[in-house]
Amino acid sequence: MLSQTLLRTLRVSAPRSRALSTVNIFNNISQLPFPRLADIDSSPDLVVPQNDTLVQILTQNKVAISFDRLTTLGREFVAAHSDSSDSQVQLEAWRGRVMSEFGNNINDMCTVSRLLGKYSPDKAMAFALLKVAAECGDHDAAFNYGIQLSRGKIMIPGHNSIKAGIVIIKTLSKLGHPMSQVTIAEIMFTSKDLNERTRGIEMMKKAADDTPVACFKLGEVYRKTNVVPRDISMAKMWHIKSAKRGIAASYFTLGVILSTGEGVIDKTPDFAGALKMFELGAAAGNVESMYNAGMYYLEGKGVKKNAEMAVEYLVLAASQKFPIALLTLGKLFIEGAEVNRDLKRGRNYLAIAKECGGADGFIGKQADMVLDKYKHLEQTQCIIM
């Protein structure tokens, strides 16, 4: 969470115009030095690793640069840092090489930056590509660069990276960039000043016109924060909008609201309604919804008990390595009360549960308890998972 000192530098109201020239933000970014290598001894294979997955993805995506040419850019990027007194001048020349290699294709530049950010031990070149893309006028690239700076992920010589990132995000929010508005609004929510928090709500609502993430955030604000008085009807309204616009987690939240009776005078739960939300969430890919739907069918909450349906949903959650779903399936197949006993399959699920949930944590200890309790049983079936 950002400090109140930084918050005071962000006192901005919801944008009323876009009079501020877009050119200014990109000029400001171009004036910042290029990111430093994470380690002075970093080698080219640390900024562009010889990674089979990276090579395959670059080939499949048919991006504007080959892996060999990207490797050359990596060597040049590292070489530019070898003379600290002249490195920024050399990096300016490197920028020109980047533009030439990518043919001004900003989308591909952002794609490669994202891939290097994922696979490179030293992410300096990934951030440098993001900087170049931002300088070329890509608002999303500028936002992502600002976020990385504000989190202290990028170190730039002679500058306070965190403050530089905040300035970028603040400027983008004034220009109407939705995710920048979401970020600034969340910071404003932390203020002790009610008027500041109220302006944050208005900014988030404006962002909600363009991004469903803001709808989700507003749903959570009205449900369980002290930013505004708690209002479950407003929370539901925003989560419904969020869910309809593709945020699967909102189906899960709506299910939780119904299952706990939130907003109902007598707190009466609506398990049938909750199950419907969990099933919609599961269909949209939300793993928590998959698990809850499975447990509702297993326990007969809001629906007639159906172990077969329960296992289907739990297997969906387990396929995403959800530890509690793996543990539950392991117990089901070893105990053999709700489904036919299958020790081999059950032990397999428990082994994966321990791997994903931690052998020494709650999941691991529960798995060991089940294995210890039923260790005397012989495997009677041979159903392969």
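Check the entry above for the structure.
Residues numbered from 1 in each chain as written. Predicted model: local features only at pLDDT ≥ 70, side-chain atom pairs only at ≥ 80, totals over all residues. Heavy atoms only, no water.

1. Focus: the side chain of Glu101
Positionally, Glu101 belongs in helix H6 (residues 87-102). For Glu101, the side chain forms a polar contact with the side chain of Arg69, separated by 2.5 Å. (Helix = DSSP H or I, 4+ residues; strand = E, 2+ residues; numbered from the N terminus. Polar contact = N/O pair within 3.5 Å; in protein donor to acceptor, adjacent residues only side chain to side chain.)

2. As for unusual backbone geometry
One non-glycine residue, Asn104, lies in the positive phi region at around 60°. For Asn104, the location among the structural elements is in the loop between H6 and helix H7 (106-119). Judged by relative accessible area, which is 52%, Asn104 ranks as exposed. Look at Lys267: it is not a glycine, yet its phi comes out positive at around 60°. Looking at where Lys267 falls in the secondary structure, it is placed in the loop between helix H15 (249-260) and helix H16 (271-283). (Buried < 20%, exposed > 50% of the residue type's maximum accessible area, 1.4 Å probe, protein only.)

3. Things to note about the packing of helix H12 (residues 194-208) against helix H13 (residues 212-224)
The interhelical angle for the contact between H12 and H13, taken along N-to-C directions, is 145°, at an axis separation of 8 Å. Between H12 and H13, the residues in contact are Ile201, Met204, Lys205, Ala207 and Ala208 and Ala214, Cys215, Lys217, Leu218, Val221 and Tyr222, respectively. When the residues that make up the contact of H12 with H13 are grouped by side-chain class, the tally is nine nonpolar, no polar and two charged. (Axes fitted to C-alpha atoms, helices over the stretch in contact; angles between N-to-C directions. Contact = heavy atoms within 4.5 Å. Nonpolar A, V, L, I, M, F, W, Y, C, P; charged D, E, K, R; others polar.)

4. Here we look at the environment of Ser82
By the element assignment, Ser82 lies in the loop between helix H5 (67-80) and H6. We classify Ser82 as exposed; its relative accessible area is 64%. For the pair Ser82 and Pro323, spaced 241 residues apart in the sequence, the C-alpha separation amounts to 47 Å.

5. What to know about the layout of surface pockets
If you roll a probe as big as a water molecule over the atoms, it shows you where there is empty space left. Roughly 300 Å³ of volume is contained in the second largest pocket. Lining the second largest pocket we find 14 residues, and of these Ser113, Arg114, Leu130, Asn144 and Gln148 sit closest to its centre. Ranked by residues supplied to the lining of the second largest pocket, first place goes to helix H9 (residues 139-150) with five residues. (1 Å grid on protein atoms, 1.4 Å probe; cavity = no way out; pocket = protein on both sides within 12 Å on 5 of 7 lines; lining within 4 Å. Points joined across faces, edges and corners; volume = space filled by probe spheres on them.)

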